[in-house]
Amino acid sequence: MADKVLEVAHLEKFYGKKHVLHDINFSVDQGEVVTLLGPSGSGKSTLIRCLNGLETYQKGTITFEGQKIVPTEKNWQQLRQKIGMVFQSYDLFPNLTVMDNILLGPTKVQKQDKQAARQEAERLLASVELSDYANAYPRELSGGQAQRVAIVRALALHPDFMLFDEVTASLDPEMVRGVLNIIEGLADQDNMTMIVVTHEMNFAKQIADRVLFLQDGEILEQTSSKQFFSNPQTSRAKEFLDSMDF
Amino acid sequence: MSWAIIQQSLPMFGKGFELTLWLSFVGIIGSIVVGLICSLVQYFRVPVFRQIASVYVEISRNTPLLIQLFFLYYAFPVLGIKFGAQLCGIIGLIFLGGSYMAEGFTGGFNGVSKSQVESGKAIGLSRWQLARYVVFPQGFSLSVPAMAANVIFLIKETSIFTVIAIPELTNTALDLIGMYYRSNEYLFVLVIAYAIILVPLSIILTLLEKRVRYGTFGN
Ligand SMILES: Nc1ncnc2c1ncn2[C@@H]1O[C@H](COP(=O)(O)OP(=O)(O)O)[C@@H](O)[C@H]1O
Ligand SMILES: [Mg+2]
């Protein structure tokens, strides 16, 4: 049996009185790619933001690498070095160069040696074909370039687990492929464990080992990618796939 | 309008000019220091100090400088605390300006977007590191326009010092008018004197605003 990297049990989340996540249960194995699909507003962002402590949850447990997480801000701060996250809005720090954006985590959070961290950052930048932009400021980059830097910034900490929240949703169409390729490379070559929220169905179909289908804060389906795309079990999932046009 | 009268008054205005500049300078530096302390205490939610800071800001923002000066100059001596007029002026100006500066800095810190803060958290930055590398650099840049407005505002407020007889520019002009009844000439010099301070300063501050917008955020 594969090692479980992440286990979520009976997770419940409320925004005030609004119940947005209902009894969420799932786990992710080492090296597994899980895509989280569902209509807008179904709670995908809320769920993955719970997994790195950006949202609090009211009930349930999250277990990471065999340790049940005690959800204090201090603990999350440590865990975020292991659980990387990239957002739709990429949000590079506009006051820092690309290189300094990337180095902030390794040198300040992890206190890595500056020279070694810089070499690693250069290697990562080269891998996303942005070597020439090390000294550029974020506002000089296109959306696609900025998102690639944001991914590198997360990877520079050498996380064990990655969360991607609709990272191509705000990009121009011609920029999307480049970013998806990087995520595919991570999955295939680096065997990275990850949860990917995306509206790119062809990409989801190709990259996912398993699909979680979320609707109104509930996991309605949790099956292999093959099964989900060829033979969804619930009518809601069928409707969703039909509406996605791919 | 008589040029001779203007000319004769210039040495006195010169002294007033220097004093206005000096009081403004000390008052602005002091206000920035007080404002920075208050905004940091509020940003880091330091217990007790944070409440003190917000009470101070409320009092300072909601009372006129004129009343603050009367208090310092006339009421405090009754309690056995006595300052000279100039010290009263400086304390009053800092008391007033500190809250304006605090609100300017706080506005800048709050202007840094939530998604920037979350991106910082997502790479494991601690609260202090987040402040140091993300929120403060961006927040200070964002607060520059408010700071610039405050600087101009505080310089103009020094004209109120005349009520406690500090011989700054306005006081000099009013004194001369009282003595020689030549209001046209003296008010003319007064306006020019303030313009000499404020117009170039305001141009410099506008340039600074442009620079931080395009400067610290890369160019
Ligand atoms: N900060 C918030 N406060 C209140 N409700 C929120 C907040 N963020 C999200 N929600 C609500 O929670 C639900 C799930 O939102 P979200 O996780 O963003 O969905 P998705 O990412 O699937 O589009 C939605 O109904 C949304 O309106
Ligand atoms: Mg979302």
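Residues numbered from 1 in each chain as written. Chains lettered and ligands numbered in written order. Predicted model: local features only at pLDDT ≥ 70, side-chain atom pairs only at ≥ 80, totals over all residues. Heavy atoms only, no water.

This part takes up the pairing of strand 8 (residues 193-197) of chain A. Residue and element names in this part refer to chain A. For strand 8, a buried count of five out of five residues is recorded, marking the element as mostly surrounded by other parts of the structure. Burial along strand 8 is two-sided: Thr193, Ile195 and Val197 and Met194 and Val196, pointing in opposite directions, are all buried. With five bridges joining them, strand 7 (residues 161-165) and strand 8 adopt parallel strand pairing. Across the sheet, the residue bridging to Phe164 is Val196, located in strand 8. Where the polypeptide runs from strand 7 across helix 6 (residues 173-188) and back to strand 8, its parallel neighbour, the crossover connection is right-handed. (Buried < 20%, exposed > 50% of the residue type's maximum accessible area, 1.4 Å probe, protein only. Helix = DSSP H or I, 4+ residues; strand = E, 2+ residues; numbered from the N terminus. Pairing = 2+ DSSP bridges. Right-handed = clockwise from strand over helix to strand, strands pointing away.)

All names here are of chain B. Tracing the backbone shows Ser99 in helix 4 (residues 85-111). At 3.0 Å, the side chain of Ser99 and the backbone oxygen of Leu96 are in polar contact. Sequence-distant contacts of Ser99, that is, excluding residues within four places in its chain, are made with Tyr56, Val57, Ser60 and Arg61. (Polar contact = N/O pair within 3.5 Å; in protein donor to acceptor, adjacent residues only side chain to side chain. Contact = heavy atoms within 4.5 Å.)

Right, let's talk about the UniProt feature "domain: ABC transporter" (unreviewed entry) in chain A for a bit. In the numbering used here, UniProt assigns the "domain: ABC transporter" (unreviewed entry) feature to residues 6-241 of chain A. From the first C-alpha to the last, residues 6-241 of chain A spans 27 Å; its make-up is 38% helix and 26% strand. (UniProt positions renumbered as here; feature names shortened; annotations may be inferred.)

All names here are of chain B. Counting across every chain of the model gives 22 aromatic pairs over all chains. Their ring planes at 40° and their centres at 4.8 Å tell us that Tyr100 and Phe153 sit as a pair that is tilted. Placement of Tyr100 in helix 4 and of Phe153 in helix 6 (residues 127-157) is noted, with a sequence separation of 53 residues between them. An aromatic cluster is built from Tyr43, Phe44, Phe105, Phe109, Trp128, Phe136 and Phe140, whose rings are joined through pairwise contacts. (Phe/Tyr/Trp six-rings, centres within 6.5 Å; stacked < 30°, edge-to-face > 60°.)

Attention shifts here to the site of ligand 1. All names here are of chain A. Close to ligand 1 lie Tyr15, Lys18, Val20, Pro39, Ser40, Gly41, Ser42, Gly43, Lys44, Ser45 and Thr46, which account for all nearby residues. Gly41 is positioned such that a nitrogen or oxygen atom in its backbone is 2.7 Å from an oxygen atom of ligand 1. One of the backbone N or O atoms of Ser42 is found 3.3 Å from an oxygen atom in ligand 1. Look at ligand 1: alone it shows 550 Å² of surface, and the protein chains cover 61% of it. Those elements giving two or more residues to the shell around ligand 1 turn out to be strand 2 (18-29) and helix 1 (44-50). (Near = heavy atom within 4 Å. Areas by Shrake-Rupley, 256 points an atom, 1.4 Å probe, with all protein chains shown as cover.)

This part takes up the sheet that holds strand 9 (residues 210-215) of chain A. Residues and elements named next belong to chain A. With mixed pairing, six strands are arranged side by side in an open sheet as 6-7-8-3-9-10. At either margin of the open sheet sits one strand with a lone partner, and together these are strand 6 (83-86) and strand 10 (218-224). On average, each strand axis in the sheet is tilted by 15° relative to the strand beside it, whichever way the strands run. Pairing geometry for strand 3 (residues 33-37) and strand 9, over four bridges, is parallel. In the sheet register, Val34 faces strand 9, and the bridge partner there is Arg210. Contacting strand 6 and strand 7, helix 5 (residues 143-155) runs over the sheet at an angle of about 170° to strand 6. Those strands touched by helix 6 are strand 3, strand 7 and strand 8, and its axis lies near 150° from that of strand 8. (Axes fitted to C-alpha atoms, helices over the stretch in contact; angles between N-to-C directions.)

This part covers a nonpolar patch on the surface. Residues and elements named next belong to chain B. A surface patch of nonpolar side chains, amounting to about 520 Å² of accessible area, comprises Leu66, Ile67, Phe70, Phe71, Tyr74 and Val163. Tracing the backbone through its elements, the reader meets Phe71 in helix 3 (residues 65-78). You can call Phe71 partly exposed: its relative accessible area is 49%. (Patch = residues over 30% accessible without salt bridge, like charges linked within 9 Å, V, L, I, M, F, W, Y side chains within 5 Å. Salt bridge = Lys/Arg side-chain N within 4 Å of Asp/Glu carboxyl O.)

Take the nonpolar core next. Within the largest apolar cluster, 54 residues are counted, with the highest numbers of intra-cluster contacts made by Leu104(A), Phe13(B), Met101(B), Leu125(B), Phe161(B), Ile166(B) and Leu169(B). For this core, the secondary structure elements donating two or more residues are helix 3 (98-109) of chain A together with helix 1 (3-43), helix 3, helix 4, helix 6, helix 7 (169-180) and helix 8 (183-214) of chain B. Look past the residues within four positions of Phe161(B) in its chain and what remains in contact with it is Leu23(B), Leu65(B), Leu69(B), Gly89(B), Ile90(B), Leu93(B), Ile166(B) and Glu168(B). Counting residues in each nonpolar core, the second largest holds 40 residues, with Met99(A), Leu103(A), Val149(A) and Val196(A) among its members. (Core = buried A, V, L, I, M, F, W, Y, C linked by side-chain atoms within 4.5 Å.)

Our focus in this paragraph is the interface of chain A and chain B. In this complex, chain A contributes 27 residues to the contact, which on the side of chain B involves 24 residues. Summing both partners gives a buried area of about 2100 Å² for chain A against chain B, and 55% of it is carried by carbon and sulfur. Three residues stand out in chain A for area buried against chain B, namely Phe93(A), Asn95(A) and Arg139(A), and they jointly supply 25% of the buried area on that side. Across the pair Arg49(A) and Glu118(B) runs a salt bridge, and its minimum N-O distance is 2.7 Å. Broken down by secondary-structure element, the contributors of at least two residues to the side of chain A that touches chain B are helix 2 (73-79), strand 6 and helix 3 of chain A. Counting residues per element, the side of chain A that touches chain B draws most heavily on helix 3 of chain A, at four residues. Of the residues in the side of chain A that touches chain B, the class split is 13 nonpolar, five polar and nine charged. (Buried area = accessible area lost by both parts, 1.4 Å probe. Nonpolar A, V, L, I, M, F, W, Y, C, P; charged D, E, K, R; others polar.)

All names here are of chain B. Running from N to C, helix 1 and helix 6 cross one another at 145°; their axes reach a closest spacing of 11 Å. Note on packing geometry: the crossing formed by helix 1 with helix 6 is right-handed. Note on element contacts: helix 6 touches helix 1 through Arg127, Ala131, Val135, Phe136, Phe140, Val151, Leu154 and Ile155, opposite Ser24, Ile28, Ser31, Leu36, Leu40 and Tyr43. Here the contact of helix 1 with helix 6 is composed, by residue class, of 11 nonpolar, two polar and one charged. (Left-handed = near helix turned anticlockwise from the far one by under 90°.)

The next thing to look at is the pattern of salt bridges. Using the criterion set out here, one finds 12 salt bridges over all chains in the structure. Among the ionic pairs, Arg49(A) bridges to Glu55(A), the shortest N-O distance being 2.9 Å. You can call Arg49(A) buried: its relative accessible area is 10%. With relative accessibility at 12%, the residue Glu55(A) sits in the buried group. One salt bridge in this structure joins Arg61(B) and Glu103(B), with 2.9 Å as the shortest N-O distance. Here Arg61(B), found in helix 2 (residues 49-61), pairs with Glu103(B), found in helix 4; they are 42 residues apart in sequence, far enough to count as distant. The network of salt bridges with shared partners includes Lys13(A), Arg49(A), Glu55(A), Lys114(B) and Glu118(B).

What follows concerns the UniProt feature "transmembrane region" (unreviewed entry) in chain B. Residues and elements named next belong to chain B. With numbering matched to this structure, UniProt assigns "transmembrane region" (unreviewed entry) to residues 20-44, 65-84, 90-112, 133-155 and 186-208. Between the end C-alpha atoms of residues 20-44 there is a gap of 36 Å, over a span that is 96% helix and 0% strand. From the first C-alpha to the last, residues 90-112 spans 33 Å; its make-up is 96% helix and 0% strand.

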